[in-house]
Amino acid sequence: MRSRRRILTGDRTTGKLHLGHYVGSLKSRVELQDEYETFILLADVQALTTHFEEPELINSSILDVTMDNLSVGLDPEKVTFVQQSQITSIAELTVFYSMIVSVNQLRHNPTIKTEAANYGYEDLSYGFLGYPVSQTADISFINADLVPVGEDQVPHIELSRKIIRKFNKLYGTNITVPRAKLSEVGRLAGLDGNAKMGKSMGNAIYLSDSPEVVWQHVRKAVTDTSRVHAHMEGHPEVCNVYKYHQVFNPGETDEIHKECTSAALSCFACKQRLNEVLNNLLEPMRERRAYYENNIDIVKDLIHEGSKKANAIGNENLERIKEKMHILI
Ligand code: ATP
Ligand code: MG
């Protein structure tokens, strides 16, 4: 029996992580790392579903994503970093699960549909369509109990639960049926007024961005467009900067609301306040990241050692699964 329940979470290695990732998942990873045995997947195979023409980006992102996770305060003594492409049991489970999931189940998955539309795909690749299948393999190769996710991932976890239940019933295996843990904040909007901060939207504030770059984003943020003079009263409910204060500066939102609606606080001053809050959050992350950037071999070792450990667990689990499937002779 293992002593603690397990979390499997992770990121596709398609670039550096931003504030949306932080509020959507990284923050809760840090909070849960003591309670759960945590595995952080560096999803380089899933990166290929959309970025198969950019192997260099995927390669550098394996290190960047690991450093981003370390920079927010994940403790390398507590969490295990796992490079997906190095885990043979994930690849094998993906094949086994793919036999019992129907193409229609995948085609009707709302996240697949939205993402396919975002990327402009009309004829989906087999791998892209099968994303939730390989995600099921990611979760179950170590029998993870809990999967912290953003709302867009909920349909995937629902499908994972169905696949695993069906598989267990068919073969008498005892693979853990995982639960999704939704992040509290949900989706972080862009300061530019876009409904989402995203890498491909050009509105991302990366965790590794310098104070100058952060200020460029904050300075240009779209506020209440009807407030054309600082002496006019503002409408916080339509303001992107106010939304950010609510997420990153909850202690001051009442005061800011009051000062904005009474025109005591200009948009510029309000942005300066947000800028300070964001930089206070990011500064310790920049410091931790600088340490790892200067000691990149430590980062590589963490990935190698973590993947080795995860492979051992996965291989043992897979051996039992294959036995139950009667494919060992
Ligand atoms: P892209 O624009 O290339 O799709 P992205 O910025 O959306 O990139 P992804 O790697 O697609 O980044 O995101 C991975 C996961 O991170 C998402 O499934 C989602 O759960 C979470 N996430 C991304 N952006 C945000 C955001 N703005 N707010 C909350 N969570 C987010
Ligand atoms: Mg995305």
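For the structure itself, consult the block above.
Conventions and cut-offs
Residues numbered from 1 in each chain as written. Chains lettered and ligands numbered in written order. Predicted model: local features only at pLDDT ≥ 70, side-chain atom pairs only at ≥ 80, totals over all residues. Heavy atoms only, no water. Helix = DSSP H or I, 4+ residues; strand = E, 2+ residues; numbered from the N terminus. Rg over C-alpha atoms; globule rule 2.2 N^0.38 Å. Areas by Shrake-Rupley, 256 points an atom, 1.4 Å probe, with all protein chains shown as cover. Axes fitted to C-alpha atoms, helices over the stretch in contact; angles between N-to-C directions. Parallel < 35°, antiparallel > 145°, perpendicular 65-115°, else oblique. Left-handed = near helix turned anticlockwise from the far one by under 90°. Contact = heavy atoms within 4.5 Å. Buried < 20%, exposed > 50% of the residue type's maximum accessible area, 1.4 Å probe, protein only. Pairing = 2+ DSSP bridges. Salt bridge = Lys/Arg side-chain N within 4 Å of Asp/Glu carboxyl O. Disulfide = S-S within 2.5 Å. Expected span 1.5 Å × (residues − 1). Bend = angle between axes of the 7 residues up to and from the residue.

Colleague: Report on the overall build of the protein chain, specifying residues and quantitative values.
Modeller: Within the protein chain, the regular secondary structure consists of 14 helices and five strands. Relative to the globule expectation of 20 Å for 329 residues, the C-alpha radius of gyration of the protein chain, 22 Å, shows essentially globular dimensions. By principal-axis analysis of the C-alpha atoms, the protein chain measures approximately 80 × 45 × 40 Å. Put simply, the protein chain shows about 16,300 Å² of open surface, and 51% of that area lies on carbon and sulfur atoms.

Colleague: Break down the packing of helix α11 (residues 240-248) against helix α12 (residues 253-261) for me, with residues and values.
Modeller: For any two helices packed against each other, one specifies the crossing angle of their axes together with the interaxial distance. At their nearest, the axes of α11 and α12 sit 9 Å apart, and the two run at 160° to each other. With respect to each other, α11 and α12 are oriented roughly antiparallel. As for how α11 packs across α12, the hand of that crossing is right-handed. Contact residues: α11 offers Tyr242, His245 and Gln246, while α12 offers Thr253, Ile256 and His257.

Colleague: For the pairing of strand β2 (residues 37-43), give the residues involved together with the corresponding values.
Modeller: Summarising burial for β2: seven of the seven residues are buried, a large majority. Residues Glu37, Phe39, Leu41 and Ala43 point to one face of β2 and Thr38, Ile40 and Leu42 to the other, with burial holding for every one of them. The sheet contact formed by strand β1 (residues 6-12) and β2 spans seven bridges and is parallel. Bridge assignment links Leu8 to a residue of β2, and that residue is Phe39.

Colleague: Tell me about the pattern of salt bridges, residues and numbers included.
Modeller: Summed over all chains, the structure comprises 16 salt bridges. A salt bridge links Asp68 to Arg289; its shortest N-O distance comes to 3.1 Å. Of this pair, Asp68 sits in helix α3 (residues 55-71) while Arg289 sits in helix α13 (residues 267-294); the two residues are 221 residues apart in sequence, bridging distant segments of the chain. We note that Asp68, like Arg289, is buried. The salt bridge involving Arg286 is made with Glu283; its shortest N-O contact spans 2.7 Å. Taken as a pair, Arg286 and Glu283 lie in helix α13 at a separation of three residues, close to a single helical turn. Of the residues examined, Arg286 reaches a relative accessible area of 12% and is grouped as buried. The exposure class assigned to Glu283 is partly exposed, which follows from its relative accessible area of 33%.

Colleague: Break down the side chain of Ser61 for me, with residues and values.
Modeller: One can find Ser61 in helix α3. A relative accessible area of 1% means that Ser61 is categorised as buried.

Colleague: Mind laying out the state of the cysteines, listing which residues take part and the relevant values?
Modeller: According to the stated counting rule, one finds zero disulfides in the structure shown. Between Cys260, a cysteine without a disulfide, and Cys267, which holds the nearest cysteine sulfur, the sulfur-to-sulfur distance is 6.3 Å. Residue Cys260 is classed as buried on the basis of its relative accessible area, which comes to 12%.

Colleague: Give a description of α13 that names residues and reports values.
Modeller: The end-to-end C-alpha separation of α13 is 39 Å, in line with the 40 Å expected for 28 residues at 1.5 Å each. Its axis deflected by about 30° at Leu282, α13 carries its strongest bend there, up to four residues before the proline Pro284. For α13, the full list of buried residues reads Cys270, Lys271, Leu274, Asn275, Val277, Leu278, Asn279, Leu282, Met285, Arg286, Arg289 and Tyr292. For α13, the elements touching its buried residues are α1 (19-32), α3, α10 (211-219), α11, α12 and α14 (296-324).

Colleague: Account for the environment of Val218, naming residues and giving values.
Modeller: Mapped onto the elements of the fold, Val218 is located in helix α10. On the basis of relative accessibility, which here comes to 0%, the residue Val218 falls in the buried class. Sequence separation between Val218 and Asp192 is 26 residues, and the spatial gap between their C-alpha atoms is 8.9 Å. Val218 has contacts with Leu191, Lys271, Leu274, Asn275 and Leu278, leaving out every residue within four places of it along the chain.

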